Amino acid sequence: MTTPAGDAAAIIRARCQIDSVESAIILGPIFYGAADLGERVAAIPYAELPGFPTGAGLEDGELIVTSIEGALTAVLKGRSTFYDTGDPSLMAGPIETLTLLGARSLLCTGLALSVQADLLPGNLVAVTDHINFTGLNPLIGAPSGGKSIVNMNEAYERRLIRRMKTAAAASGVSMHEGVMIWFSGPSFETPAEAKMARLLGAEILGWTIVPECILARRYGLPFAGLAVVTDFAAGFSSGNPNPDFTRGPAAAGVVAAKRLIRGFSKAR
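Residues numbered from 1 in each chain as written. Predicted model: local features only at pLDDT ≥ 70, side-chain atom pairs only at ≥ 80, totals over all residues. Heavy atoms only, no water.

Participant: So what about the pattern of salt bridges? Which residues, and what values?
Facilitator: Should the charged atoms of two oppositely charged side chains come close, the side chains can pair. On inspection of all chains with the given rule, the structure shows eight salt bridges. Among the ionic pairs, Glu22 bridges to Arg104, the shortest N-O distance being 3.4 Å. Taken together, the residues Glu22 in the loop between helix H1 (4-16) and strand E1 (23-27) and Arg104 in the loop between helix H3 (92-100) and strand E5 (106-114) connect sequence positions 82 residues apart. Among the residues examined, Arg104 registers a relative accessible area of 53% and is labelled exposed. Its salt-bridge partner being Asp36, residue Arg40 comes within 3.0 Å of it at the nearest N-O pair. You can call Asp36 exposed: its relative accessible area is 54%. (Salt bridge = Lys/Arg side-chain N within 4 Å of Asp/Glu carboxyl O. Helix = DSSP H or I, 4+ residues; strand = E, 2+ residues; numbered from the N terminus. Buried < 20%, exposed > 50% of the residue type's maximum accessible area, 1.4 Å probe, protein only.)

Participant: I'd like a rundown of the environment of Ala14, residues and numbers included.
Facilitator: Here Ala14 lies in helix H1. Judged by relative accessible area, Ala14 falls into the exposed class, the value being 57%. Between the C-alpha atoms of Ala14 and Leu90, which are 76 residues apart in sequence, the distance is 24 Å.

Participant: So what about the packing of H1 against H3? Which residues, and what values?
Facilitator: One can describe the packing of H1 onto H3 by two numbers: an axis separation of 8 Å at closest approach and a directional angle of 60°. Judged on the interaxial angle alone, H3 and H1 are oblique. Regarding H1 and H3, the two cross each other, and that crossing is right-handed. For the pair formed by H1 and H3, the contact residues are Ala5, Gly6, Ala8, Ala9, Ile12 and Arg13 on the first element and Gly93, Glu96, Thr97 and Leu100 on the second. Residues of the contact of H1 with H3, tallied by class, amount to five nonpolar, three polar and two charged. (Axes fitted to C-alpha atoms, helices over the stretch in contact; angles between N-to-C directions. Parallel < 35°, antiparallel > 145°, perpendicular 65-115°, else oblique. Left-handed = near helix turned anticlockwise from the far one by under 90°. Contact = heavy atoms within 4.5 Å. Nonpolar A, V, L, I, M, F, W, Y, C, P; charged D, E, K, R; others polar.)

Participant: An account of the pairing of E5 is needed here, citing residue identities and associated values.
Facilitator: Within E5, nine of the nine residues are buried, which leaves the element mostly enclosed by the surrounding structure. By the alternation rule, side chains of E5 split into Leu106, Cys108, Gly110, Ala112 and Ser114 and Leu107, Thr109, Leu111 and Leu113, which are all buried. Alignment of E1 against E5, held across three bridges, turns out to be parallel. Each bridged residue has a counterpart across the sheet, and for Ile25 the counterpart in E5 is Leu107. By the bridge criterion, nine bridges tie E5 to strand E9 (residues 223-232) in an arrangement that is parallel. (Pairing = 2+ DSSP bridges.)

Participant: Account for the state of the cysteines, naming residues and giving values.
Facilitator: Within this structure, the stated rule accounts for zero disulfides. Of all cysteine sulfurs in the structure, the one in Cys213 sits closest to Cys108, which takes part in no disulfide; the separation is 9.0 Å. Cys108 gets classed as buried once you look at its relative accessible area, which sits at 0%. (Disulfide = S-S within 2.5 Å.)

Participant: Quick rundown of the nonpolar core? Include the residues and the values.
Facilitator: With 79 residues, the main nonpolar core has Met164 and Leu260 as its most contacted residues. Those residues within four positions of Leu260 in sequence are excluded, and the remaining contacts are Leu124, Met164, Ala167, Ala168, Ser171, Val173, Met175 and Leu226. Listed in part, the ten residues of the second largest apolar core include Leu113, Val115, Ala202 and Leu205. (Core = buried A, V, L, I, M, F, W, Y, C linked by side-chain atoms within 4.5 Å.)

Participant: Tell me about H1, and please be specific about residues and values.
Facilitator: Taking 1.5 Å of rise per residue, 13 residues should cover 18 Å, and H1 covers 18 Å from first to last C-alpha, within 8% of that figure. Along H1, the residues classified as buried are Ala5, Ala8, Ala9, Ile12 and Cys16. When H1 is viewed along its axis, its buried side chains cluster within an angular range of 100° and face the same direction. Lining the buried residues of H1 we find strand E2 (39-45), strand E3 (62-68) and H3. Where H1 terminates, the next one or two residues include Gln17, which has phi positive at roughly 55°. (Expected span 1.5 Å × (residues − 1). Arc of directions from axis to C-beta.)

Participant: Tell me about unusual backbone geometry, residues and numbers included.
Facilitator: In this chain, Gly185 is followed by Pro186 through a cis amide linkage whose omega measures 0°. Along the chain, the position of Pro186 falls in the loop between strand E7 (175-182) and helix H5 (191-200). If you check the backbone angles, Ser237 has positive phi at about 50° while not being a glycine. Relative to the helices and strands, Ser237 resides in the loop between E9 and helix H7 (248-266).

Participant: Explain the packing of aromatic side chains to me, and be specific about the residues and the numbers.
Facilitator: Taken as a whole and assessed by the stated rule, the structure comprises six aromatic pairs. A ring pair is formed by Tyr46 and Phe52, whose centres lie 5.3 Å apart and whose planes are at 55°; its orientation type is tilted. There is no split in this pair, since Tyr46 and Phe52 are both buried. Relative to Trp207, the ring of Phe188 lies with its centre 5.4 Å away and its plane at 35°, an arrangement referred to as tilted. Taken together, the positions of Phe188 in the loop between E7 and H5 and Trp207 in the loop between strand E8 (204-206) and helix H6 (210-218) put the pair 19 residues apart, joining distant regions of the chain. Site record: aromatic cluster; members linked through ring pairs are Tyr83, Phe188 and Trp207. Looking at Lys77, its charged tip hangs above the ring of Tyr32, at a distance of 5.1 Å from the centre. Sitting over the face of the ring of Phe264, Arg163 holds its NZ or CZ atom 4.0 Å from the ring centroid. (Phe/Tyr/Trp six-rings, centres within 6.5 Å; stacked < 30°, edge-to-face > 60°. Lys NZ or Arg CZ within 6 Å of the ring centre and 35° of its normal.)

Printed below as a string of C-alpha cells:
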C-alpha cells in the first residue's frame, strides 16, 4: 500500500535520477534567494508531488534538488504556515518525504521578534528550544501507533547547532542562540504578550519553525532552526513591528542568513 509521501519520494527519485539526499532546507518566501545553492539537479513544483501543500502563497512552491560539493540537498522553496491556512500540519507530507529520501538533517528558516536587548533587528538566532504558546500541535489527529506521541527533549539537534556555529564563523556572520516562543500570527503580539514571553524565558517570538520541529521529531529527522530578527517586539525597547520584511535590518539579516545557509550546506 502506497502513501502520498511514498509516491512523492518515488517521483523525486525518478525525476532527479537519484536514490537519496543527504540533507534538506526549508525556505520561506523571504529566503528564496538561498534556493540557488550548488549545482541544480532538478526542480519539481509542489503541485506535482502528492502530499505537498499548494494554494495561496505557494504558487511558486517547488522542491529543488541541488548538488553542493558532491552532496545532494533537497531545498523546499516555500512552506505552508498556520497563519495562512489555519492548519499547522500541512508540512507533514514534505517532511515525511524527506525522511523517505534518506535526509539526515533539516534546517528550517524563519523570522522572529526580539525581547532581549542584545538581540537586535538583523541578528541571526539559532533556536535552541521552544515554547508552544498556541495550544496547537501539528500531530493532533495524526495516525496512531505511537508516532503522534513524541519526546521533545533536545528537539533542536546540538550537533546541527554546532554545525551552524562553524558555518557562521566560516562565513563571517554573527549568530546568537535562544529560545523561541510560538505564536499563531498573523497579528503581531501585544506589549503584554511580549512581556509574558520574556518572563517565560523566551528570547524571540515567531510564527514558524516550531511546527516543522515537531513534525521532524515525529519522523526522526534531526532538526535545526535559524531565525532572523526583524524588529523588537511591541512594548520592548521601543519596538514597533513592521510587516515590511524587505527593509533595512530585516533585509540585511536575510542576506546574512543566506551566507550562513550556504556555509551550513558545505560544513557536513
